[in-house]
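These are the residues of each chain, in order.
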Amino acid sequence: MRLDVRGVSVHLDGRPIVHEADLLVDDGEFVCLVGPNGCGKSTLMRTIYRALRPASGLITVDGDDVHGLSWRESARRTAVVAQETPAELDFTVGEVVLMGRTPYERAAAEDEERCARALDRVGLAGAQERIYATLSGGEKQRALVARALVQETRLLLLDEPTSHLDVRHQLEILHLVRELGAELGLATLAVLHDLNQAAAFCDRLYVMSAGRVLAGGPPDQVLTPELISQVYTVRAVRRTQLVFERLKEEDG
Ligand code: ADP
Ligand code: MG
C-alpha cells in the first residue's frame, strides 16, 4: 500500500490552509508529520481520510484517487486513530472495536473472534464488556488501535494519538503501533507533537509550517537546528538529556 499526496491544497471557509503538499508513505514505513500548532497537519490528515476535499492536487492510495472511492472501499484501505477520544461514547469496548467492521458484511461469530484477537494484541484481552468511557487514556487509545486493526486496512493514519497520555503511555502506544505496522506491513502516517519522539520512532518524517510541507527525509537529516528555528522559532540545542525507555510489561 502506498499513499501518495501530490500538490494538495485545502481551503477552509474560503481560506487556504494547506498549500501544495507532497508526501509519500510506502508499505511497512512509519512516517511522521510534525509542525507547529495550527500549521495544517490535521487539515491535511482529514483530507487524506476524506473528511475534507482538496481544492487542488491528488491523493492516491495504491494508485486510486481516494476522493473517487466509495466510502466503503476507502474504509477498507484506510484506518484512522485520532487524538480526540469522543468522551460521550456510551458504548462497550467490544462495540467500539466492532465499529471497525462497518465497511464489511457483518459476520457475528467471526467478528467477535476478530475483536477478541485485536484486543488481545493491544493488551486489552477480555475487555469487551467494559464501558469505553471508563477506560484510562492509554486504554482508550489501545482500544482505538484495536478498532483500526479489525478494519484490516493497509494504511493507518494517526493524528496525535498520544497527546493526552503521560510519557510512559505515549511510548507504549508508539511501540505498539510501530510493532503492528512492521508485523502487518502497514503504511503508517502519524502526526506527533514531540520532535524527539518522532525522530526516535519514524523511518522518515515530514515537517510542515504555515500550510506547507517544507522538508522530508530521515529525521537526522531533516531536523536540523536551522530548520527547527525557522519552523518553530526556537533555538534547538543538542545536549545530554533524560531519555525515556519502556520498562518491561508490569502495568501502571
Ligand atoms: P494543526 O493540526 O497543525 O494544529 P489544523 O489543521 O487543525 O492545524 O488547523 C490549521 C488551520 O486551519 C488553523 O488556523 C485553524 O484555525 C484552521 N481551521 C481548522 N479547522 C477549521 C475549520 N473547520 N474551519 C475553518 N478553519 C479551520
Ligand atoms: Mg492537529
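What comes next is a walk through the structure. Sequence order sets the numbering: in each chain, residues are counted from 1 along the sequence as written. Both sets of labels track the order of writing: A upward for chains, 1 upward for ligands. Per-residue local features of the predicted model are confined to residues with pLDDT of at least 70, and side-chain atom pairs are confined, for both listing and counting, to 80 or more; whole-chain, interface and lining totals are unaffected and use all residues. No hydrogens and no water enter the side-chain calculation; it runs on all heavy atoms of the structure.

1. Let's talk about the sheet that holds strand E1 (residues 3-12)
The line we're drawing: Pairing between strands requires that DSSP locate at least two bridges from one strand to the other. Comment: elements are numbered from the N terminus, with helices defined as DSSP H or I runs of at least four residues and strands as E runs of at least two. Here, two residues are considered to be in contact whenever any of their heavy atoms come within 4.5 Å of each other. Fitting a line to C-alpha atoms yields each axis, with helices limited to the stretch in contact; the angle taken between N-to-C directions then spans 0 to 180 degrees.
The antiparallel open sheet is built from four strands, whose spatial order is E2-E1-E4-E5. In this open sheet, the two edge strands, each paired with only one partner strand, are strand E2 (15-25) and strand E5 (64-65). Strands in contact with helix H1 (residues 41-48) are E1, E2 and strand E4 (56-61); relative to E1, the strand with the most contacts, it is inclined by about 115°.

2. Concerning the sheet that holds strand E7 (residues 155-159)
Taken together, the six strands give an open sheet; going across it, the order is E6-E7-E8-E3-E9-E10, and neighbouring strands pair in mixed fashion. The open sheet has two edge strands with one neighbour each: strand E6 (78-81) and strand E10 (212-217). For this sheet the average axis-to-axis angle between neighbouring strands, irrespective of direction, equals 20°. Bridge analysis of strand E3 (residues 30-34) against strand E9 (residues 204-209) gives four bridges, and the strand direction is parallel. Across the sheet, the residue bridging to valine 34 is valine 207, located in E9. Running over the sheet, H1 touches E3, E7, strand E8 (187-191) and E9 and is turned about 150° from E7.

3. Topic: the packing of aromatic side chains
For clarity, the cut-off: Two rings from Phe, Tyr or Trp (for Trp, the six-membered ring) form a pair when their centres sit within 6.5 Å of each other. Planes less than 30 degrees apart are called stacked, planes more than 60 degrees apart edge-to-face, and all others tilted. Two limits define a charge over a ring: the Lys NZ or Arg CZ must be within 6 Å of the ring centre, and within 35 degrees of the ring normal.
Here the structure, examined in full by the defined rule, presents zero aromatic pairs. In this structure, arginine 101 is placed above the aromatic ring of tyrosine 104, and the distance from its NZ or CZ to the ring centre is 4.1 Å.

4. Here's the deal with empty space enclosed by the protein
Using the following cut-off: A cavity, in this analysis, means grid points on a 1 Å lattice covering only the protein atoms where a 1.4 Å probe fits yet has no way out; a pocket is instead an open set bounded by protein on both sides within 12 Å along at least five of seven lines, and a residue lines either one if it has an atom within 4 Å of a point. Grid points are joined across faces, edges and corners, and a volume is the space filled by probe spheres set on the points.
Overall, the coordinates contain one cavity of 30 Å³ or more when judged by the stated rule. Lining of the largest cavity is provided by Ile48, Tyr49, Arg50, Val61, Val66, Leu69, Ser74, Arg77 and Thr78.

5. Section: the site of ligand 1
Heads up, the rule is: By convention in this text, a residue qualifies as near a molecule or strand provided that one of its non-hydrogen atoms is within 4 Å of it. Here a polar contact means two N or O atoms within 3.5 Å. Within protein one must be a hydrogen donor candidate and the other an acceptor candidate, and residues neighboring in sequence count only if both atoms are side-chain atoms. The accessible surface values rely on the Shrake-Rupley method and a 1.4 Å probe; as for residues, cover is taken only from the protein chains in view. Polarity classes work like this: nonpolar for Ala, Val, Leu, Ile, Met, Phe, Trp, Tyr, Cys and Pro, charged for Asp, Glu, Lys and Arg, and polar for all others, with Gly in that last group.
For ligand 1, the full set of nearby residues is Leu12, Asp13, Arg15, Ile17, Pro36, Asn37, Gly38, Cys39, Gly40, Lys41, Ser42 and Thr43. Lysine 41 has a polar side-chain atom sitting 2.8 Å from an oxygen atom of ligand 1. Compared with its free state, where it exposes 570 Å², ligand 1 has 63% of that area covered by protein. Residue assignment for the shell around ligand 1 shows that the elements contributing at least two residues are E2 and H1. With three residues, the single largest contributor to the shell around ligand 1 is H1. Per-class residue counts for the shell around ligand 1 are four nonpolar, five polar and three charged.

6. Considering the packing of helix H5 (residues 137-150) against helix H6 (residues 167-184)
The description of two packed helices rests on the angle between their axes and on the distance between the axes. The cut-off we apply is this: Put simply, angles under 35 degrees are roughly parallel, angles over 145 are roughly antiparallel, angles from 65 to 115 are roughly perpendicular, and the rest are oblique. By definition, turning the near helix anticlockwise from the far helix through less than a right angle yields a left-handed crossing, and turning it clockwise yields a right-handed one.
The geometry of H5 relative to H6 is characterised by a closest axis approach of 10 Å and an angle of 15° between their N-to-C directions. When the interaxial angle is binned, H5 and H6 end up roughly parallel. The hand of the H5/H6 crossing is right-handed. Along the contact surface, H5 presents Gly138, Gln141, Arg142, Val145 and Leu149, while H6 presents Glu172, Ile173, Leu176, Val177, Leu180 and Leu184. Classifying every residue of the contact of H5 with H6 by side-chain character gives seven nonpolar, two polar and two charged.

7. Quick look at the pairing of E7
What counts here: Exposure is judged per residue with a 1.4 Å probe applied to protein chains only, and the accessible area is read against the type maximum: over 50% gives exposed, under 20% gives buried, and values in between give partly exposed. Here a crossover is taken to be right-handed if, once the strands point away from the viewer, the path from the first strand over the helix to the second is traced clockwise.
Burial analysis of E7 places five of its five residues in the buried class, the great majority of the element. Burial along E7 is two-sided: the face carrying Leu155, Leu157 and Asp159 and the face carrying Leu156 and Leu158 are both buried. Handedness of the β-α-β unit built from E7, H6 and E8 comes out right-handed.

8. As for the state of the cysteines
The cut-off we apply is this: Cysteine sulfur atoms are paired as a disulfide whenever they come within 2.5 Å of each other.
For the coordinates displayed, the defined rule picks out zero disulfides. Not engaged in a disulfide, the cysteine cysteine 32 finds its nearest cysteine sulfur in cysteine 202; these two sulfurs lie 4.6 Å apart.

9. Overview of the environment of alanine 108
For alanine 108, the position within the fold is in helix H4 (residues 108-121). The sequence separation of alanine 108 and leucine 98 amounts to 10 residues, and the corresponding C-alpha distance is 9.9 Å.

10. Thoughts on the pattern of salt bridges
Going by this rule: The salt bridge definition used is simple: a Lys or Arg side-chain nitrogen within 4 Å of an Asp or Glu carboxyl oxygen.
Using the criterion set out here, one finds 17 salt bridges in the structure. With a shortest N-O distance of 2.9 Å, aspartate 64 and arginine 77 are connected by a salt bridge. With aspartate 64 in strand E5 and arginine 77 in helix H2 (residues 71-77), the pair connects residues that are 13 residues apart, well separated along the chain. Taking relative accessible area as the criterion, aspartate 64 reaches 32% and is therefore assigned partly exposed. Exposure remark for arginine 77: the relative accessible area of 14% places this residue in the buried category.

11. Let's talk about unusual backbone geometry
A negative phi holds for most residues other than glycine; trans holds for most peptide bonds. We note that arginine 50 has phi near 70°; this positive angle belongs to a residue other than glycine. As for its position among the elements, arginine 50 is in the loop between H1 and E4. You will see that threonine 233, though not glycine, has its phi angle at about 45°, which is positive. Tracing the backbone through its elements, the reader meets threonine 233 in the segment after helix H9 (225-232).

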